[in-house]
Amino acid sequence: AQVAVTVPLSMGLKLPADGVEANQANYELSIGPYSAVTWSSVFSVVSMSAVAPLFTGVKVNDLAPKGAASTYTIATIPEFSAVYLEFQELTTVTATILATGDLISLRQGSAAWGCYATRNDSASTSRTGDLSLTLIAGSSPVSSQLTADFSGIDAATPGGTNFSLCYVGQEITAAGPDSETAITFHLQSKVTSVQLNSNGVSTSRILQAPRNDFSVLLFGDNIADTDAVSFIPDAEDCPTQAATALDLTHTSAVTVASSVGSFVWPNCKPTTSGVPIVMDSAECPTIGFYRLCYNDGTTIETGISAYIQQVTTIELTAAAHLAEPTFTGTAQQYQAFGANFVHEVFEPFNVTVLLKDSNGVACCEGTKVFISMTKAGVDASSDLYNSDSSNANADKIVLADSSGVVTFQNYTIRNTAGKYFYFTVSVASANLTIPSTAAGVANVGFTVRPSKLTQTTTLASEYIVGADGDNAAAVLPSSILVEAQDRYGTVLPGLVTADDYHCEAMLMTAGSGLDSYNGAVASPPDSDYGGVQGAVTSTDLTPSTVQSGSTNVIFNLGVATLSSLKVVKQAGMYFSIKYTLTEHAGTTGAAVVGTPLSTTSDNAAVTSPTSYTTVAFSTTFIVSPARMKISWGSTPTDYTSTTFPFVARLDGVVSTAPSADAPNVDGLPSSLTVTLLDADGATLTSAACTSCFVARLVKCDDSTP
């Protein structure tokens, strides 16, 4: 009778690793005592079932399995010092055959039973030594792996030659690794390794490529400029798909130049619309595994793999103002652009970020990292300049270094000022907002202040009270323009009404509020110009609102326009107007008016040392009264046309009668008082000076004494 017997794996019965075909009547399995090459058979069993092959496939440098038992395709490997192989086992039971310590070897040729025939050969250019496998814990299907040096065996020609994979379990090493596996490796030396962007690190396994343009430096035998190279998806085959046209999963076949293949996705660049402007991930290559194909007249597999990787997170590591010895001011080292941070226009700065993968590990060398700028919810990237003074978006892309670090160095913000600025640092499908609280919000961000204010309207050297239609005032130009400027004197058109930056005008005079000067022509901010709204009262410059911290004069397109300014109740020689930026955005709104001698605007709510904007001073001008009058006596009595003295006796003694404080007396009155008047005869009550009048005796006509 026929009896079916199951032989468990635990019996350790070993058959060739490539299996035995089913239903082969000529195969006979004998079981019984064996001695001196003679069977003393107790009984015989005819094998009518198949023995499954040990390996179902092999991964080369993590590329998809090739060489599965169902196809027997050839797996290509490069002639390189570090090639990763992973073998998958076919088993239908819970136990496994593969184990750590099992041995494999590659032997030139692929003839049937070649492994057994060469089991005792030594390692050479046509045979590797025995290579030990390591079981991959938890793998499914069960797999073993090793990283092998295949640089010592010979591909014979650059196109390559075949090697058989031989296997033996660790407990049968005495007989040599002689089991056939039916897997053939094609060893090629045309391309043995590559470097990403010529970075000096050669590899054949999983070249970590960025998700944008990159290049590979090729190493191998006779790399020629007429050859072509391409990357295709792992699941595809080079002979049929290496020349696929450029798309998001194919590089197309590019011509080698000086051993370099350069792969470009022209539309993988910053977007042209939307807020914020970011890298256009929809036009960048697809994440995943790729295989390298090479063509020197014949398209070959190389066994070299690449992985286009995705940046998961971008971290801000430093934002620093640069110390500029040619510029004055306090440098702020590694000061983050926080929500209440004030940055000076045109002040150089660095921003440094770190790229990380999904495991939180620094990654992604060669990744294009782009920085853009937004103001109040609107793109303002055209006002952000790189170290070469370019504001083109294409010029604000920096490649990550080997540590995943990217530094935007010596950048400047130009042509604008105001509030609610933020940066967006982006790669394909990931970005970082600085400050982070500004993400998607129009009214959050850091502040950019002007460097200085400058009056651009020219003032006359003298203004006369009553001369221009207002009897009580000296009328200044109908519009006085004050520009918010950078340190080089360029107006900032990006400072607009919505920023709510105000300009205050303060009337100044010299000599502690007295219109006098002890030297040459005064020039503010000379130290003698100390009187502001002390003796010069807040109503001497009209309209009065311009002399208030809550002035309603607002900068638009970088210009503040002060209209219909007039000087009232004043006359004198040395006047100037001081213009102050009274408000910084992003604060509580409380403005601090500059003190008389201060040359900067200040806001108490901003703690940054750079929260000052240099004030502007007008040139000095004279305010002349419309007319004057003279009074006499210790209790002044106005002279009139009828009371003006017509007798002044020489050598008269004022102590004699009539009273010294009467007209037509001996000598002159005890005092003469001069009063400055507007055109209506009203006294210019704020005019104040010392030693600013002289009295001269003038002979009115050429009469004979």
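An account of the accompanying structure is given in this report.

Cut-offs and rules
- Residues numbered from 1 in each chain as written.
- Predicted model: local features only at pLDDT ≥ 70, side-chain atom pairs only at ≥ 80, totals over all residues.
- Heavy atoms only, no water.
- Buried < 20%, exposed > 50% of the residue type's maximum accessible area, 1.4 Å probe, protein only.
- Helix = DSSP H or I, 4+ residues; strand = E, 2+ residues; numbered from the N terminus.
- Pairing = 2+ DSSP bridges.
- Lys, Arg positive; Asp, Glu negative; His and termini not counted.
- Salt bridge = Lys/Arg side-chain N within 4 Å of Asp/Glu carboxyl O.
- Polar contact = N/O pair within 3.5 Å; in protein donor to acceptor, adjacent residues only side chain to side chain.
- Contact = heavy atoms within 4.5 Å.
- Disulfide = S-S within 2.5 Å.
- 1 Å grid on protein atoms, 1.4 Å probe; cavity = no way out; pocket = protein on both sides within 12 Å on 5 of 7 lines; lining within 4 Å.
- Points joined across faces, edges and corners; volume = space filled by probe spheres on them.

Considering the pairing of strand S37 (residues 479–485)
Burial runs high along S37: five of the seven residues are buried. Where strand S34 (residues 452–455) meets S37, four bridges bridge the pair, whose relative direction is antiparallel. The partner of Gln455 across the bridge, within S37, is Val482. Direction of pairing for S37 relative to strand S41 (residues 559–563): antiparallel, over a ladder of five bridges. Each bridged residue has a counterpart across the sheet, and for Ile480 the counterpart in S41 is Leu562.

Quick word on the side chain of Arg211
With respect to the helices and strands, the residue Arg211 is situated in the loop between strand S16 (207–209) and strand S17 (214–219). Salt bridges are absent for the buried Arg211, whose nearest opposite-charge side chain, Asp280, sits at 8.5 Å. Within the structure, Arg211 has its side chain in polar contact with the side chain of Gln310 (distance 2.7 Å). Those residues in contact with Arg211, other than ones at most four positions away along the chain, are Cys268, Ser281, Cys284, Pro285, Ile287, Ile308, Gln309, Gln310, Ala428 and Ser429.

Comments concerning the state of the cysteines
One pass over the full model with this rule turns up four disulfides. Here Cys238 connects covalently by a disulfide to Cys293, the sulfurs 2.0 Å from one another. Taking the torsion about the sulfur-sulfur bond, which here is approximately -80°, the covalent link between Cys238 and Cys293 counts as left-handed. With a gap of 55 residues between them, Cys238 in helix H2 (residues 238–241) and Cys293 in strand S21 (residues 288–295) connect regions that are remote in the sequence. The buried category is assigned to Cys238, whose relative accessible area is 0%. Judged by its relative accessible area of 1%, Cys293 falls in the buried class.

Concerning empty space enclosed by the protein
Where empty space is left in the structure can be found by rolling a water-sized probe over the atoms. Going through the model one piece at a time under the given rule, you end up with four cavities of 30 Å³ or more. There is about 60 Å³ of room inside the largest cavity. Forming the walls of the largest cavity are Arg211, Asn212, Gln309, Gln310, Val311, Thr367, Lys368, Val427 and Ala428.

Digging into unusual backbone geometry
A cis amide bond links Ser140 with the next residue in sequence, Pro141, at an omega value of 0°. Looking at the element boundaries, Pro141 is found in the loop between strand S10 (134–135) and strand S11 (143–148). Thr542 connects to Pro543 through a cis peptide bond whose omega is 0°. Unlike most non-glycine residues, Asn222 shows phi in positive territory, near 60°. Looking at where Asn222 falls in the secondary structure, it is placed in the loop between S17 and strand S18 (228–233).

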